[in-house]
Amino acid sequence: MRITNIKQQIRRADRYSIFIDGKYSFSLGEAALLSEGLASGQELDESRLCRLKEASGADKAYGNALRYVAMRPRSVWEVRTYLQRKDVDEPVAEGIIKRLEAVGLLDDNEFARSWTASRRLLKSISKRKLRMELQQKRVPEAIIGSVLQEDKTDERQTLRGLIAKKRGRYPDQAKLMQYLARQGFGYDDIKSAMQESAEDY
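Q: A description of unusual backbone geometry should follow, citing residues and the corresponding values.
A: At Asp21, a residue that is not glycine, the phi angle is positive and equals roughly 50°. Along the chain, Asp21 turns up in the loop between strand 2 (15-20) and strand 3 (23-29). By relative accessible area, Asp21 is classed as partly exposed at 48%. Phi at Arg138 is positive, roughly 60°, even though this residue is not glycine. Mapped onto the elements, Arg138 comes out in the loop between helix 6 (127-136) and helix 7 (141-150).

Structural data, given as structure tokens:
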């Protein structure tokens, strides 16, 4: 069996189609193509071709995972779940996760810090709500505790600011309290902050 052509793909410029005896056989990313040392005219035996096809699947899955983490920071659990949805074999998936961790693209510590910082910028929520969100992303509890300890946001000030912001939308006090509870604030804190806000109002 001979490699008769290697063509750069049009839709995926980072991948190359490999043709064996005039027919498409498999594709590889640029880095994998170079590491395998493939070239037109090269002869392949059956065992090498099978190994290359296996490498093609793993290489494609790694490329997809790279694009997935490039969209926004991801937790390790999110990437593992994504690869499961894509029917990537578990040993291959674990290898991809280790590769992403090795190049600094997958790190639950950094993910938790990034998540906390972006949520603080976008929304006034409590540490309790942040903890629940990070738990949903399956971030280890030790990391959650450490990151939330680093977060110096004044919860009381956040709560009072949220009350002032949402008072017009929730004129009914009970509904406002329900909304604040959904953001993870405790009942006693809500009641106290609402009393303070009413005095200032």
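Q: Could you give an account of the pairing of strand 1 (residues 3-8), naming the residues involved and the relevant values?
A: Pairing between strand 1 and strand 2: 5 bridges, direction antiparallel. Considered in strand 2, the bridge of Lys7 is made with Ser17. In textbook terms, the turn of a hairpin is the stretch between consecutive antiparallel strands, and for strand 1 and strand 2 this stretch comprises 6 residues.

Q: Which residues make up the pattern of salt bridges, and what values do they have?
A: All chains considered together, the criterion is met by 13 salt bridges. In this structure, Asp14 engages Arg12 in a salt bridge whose closest nitrogen and oxygen atoms are separated by 3.5 Å. Judged by its relative accessible area of 40%, Asp14 falls in the partly exposed class. A cluster of three or more residues bridged by salt bridges with shared partners is formed by Glu36, Arg48 and Arg51.

Q: Give me a nonpolar patch on the surface: which residues, what numbers.
A: A grouping of Leu66, Val103 and Leu105 is seen on the molecular surface, where their side chains present a nonpolar patch of about 240 Å² in accessible area. Note on placement: Leu105 falls in the loop between helix 4 (90-102) and helix 5 (108-122). In this structure Leu105 comes out as partly exposed when scored by relative accessible area, which is 43%.

Q: Which residues make up the environment of Gly22, and what are the values?
A: Residue position: Gly22 is located in the loop between strand 2 and strand 3. Sequence-wise, Gly22 and Ile3 are 19 residues apart; in three dimensions their C-alpha atoms are separated by 7.9 Å.

Q: Run through the sheet that holds strand 2, naming residues and quoting values.
A: As summarised here, the arrangement of the 3 strands in space is 1-2-3, forming an open sheet in which the pairing is antiparallel. Sheet topology places strand 1 and strand 3 at the edges, where each strand pairs with a single neighbour. Averaged over neighbouring strand pairs, the angle between their axes works out to 25° when direction is ignored. Examined bridge by bridge, strand 2 and strand 3 share 6 bridges and lie antiparallel to one another. Counted as the bridge partner of Ser17 is Ser27 from strand 3. The strands touched by helix 2 (residues 46-71) within the sheet are strand 2 and strand 3, with strand 3 carrying the most contacts at an inclination of about 50°.

Q: Lay out the packing of aromatic side chains with the relevant residues and their values.
A: Within this structure, the stated rule accounts for 4 aromatic pairs. Between Tyr68 and Tyr82, the aromatic rings sit 4.1 Å apart at their centres with planes inclined by 10°, giving stacked as the arrangement. Placement of Tyr68 in helix 2 and of Tyr82 in helix 3 (residues 76-85) is noted, with a sequence separation of 14 residues between them. The exposure classification of Tyr68 matches that of Tyr82, with both residues buried. Pairing Tyr170 with Tyr179 gives two aromatic rings, centres 5.1 Å apart and planes at 25°, and the pair type is stacked. Assessed through its relative accessible area of 15%, Tyr170 is described here as buried. With a relative accessible area of 9%, Tyr179 lands in the buried category.

Q: Residues and numbers for the side chain of Asp108, please.
A: Mapped onto the fold, Asp108 is located in helix 5. Buried within the structure, Asp108 lacks any salt-bridge partner; Arg80 is the closest side chain of opposite charge, at an N-O distance of 7.3 Å. Separated by 2.9 Å, the side chain of Asp108 and the backbone nitrogen of Val76 make a polar contact. Dropping the residues within four chain positions of it, Asp108 is found in contact with Ser75, Val76, Val139, Pro140 and Ile143.

How each quantity is defined
Residues numbered from 1 in each chain as written. Predicted model: local features only at pLDDT ≥ 70, side-chain atom pairs only at ≥ 80, totals over all residues. Heavy atoms only, no water. Helix = DSSP H or I, 4+ residues; strand = E, 2+ residues; numbered from the N terminus. Buried < 20%, exposed > 50% of the residue type's maximum accessible area, 1.4 Å probe, protein only. Pairing = 2+ DSSP bridges. Salt bridge = Lys/Arg side-chain N within 4 Å of Asp/Glu carboxyl O. Patch = residues over 30% accessible without salt bridge, like charges linked within 9 Å, V, L, I, M, F, W, Y side chains within 5 Å. Areas by Shrake-Rupley, 256 points an atom, 1.4 Å probe, with all protein chains shown as cover. Axes fitted to C-alpha atoms, helices over the stretch in contact; angles between N-to-C directions. Contact = heavy atoms within 4.5 Å. Phe/Tyr/Trp six-rings, centres within 6.5 Å; stacked < 30°, edge-to-face > 60°. Lys, Arg positive; Asp, Glu negative; His and termini not counted. Polar contact = N/O pair within 3.5 Å; in protein donor to acceptor, adjacent residues only side chain to side chain.

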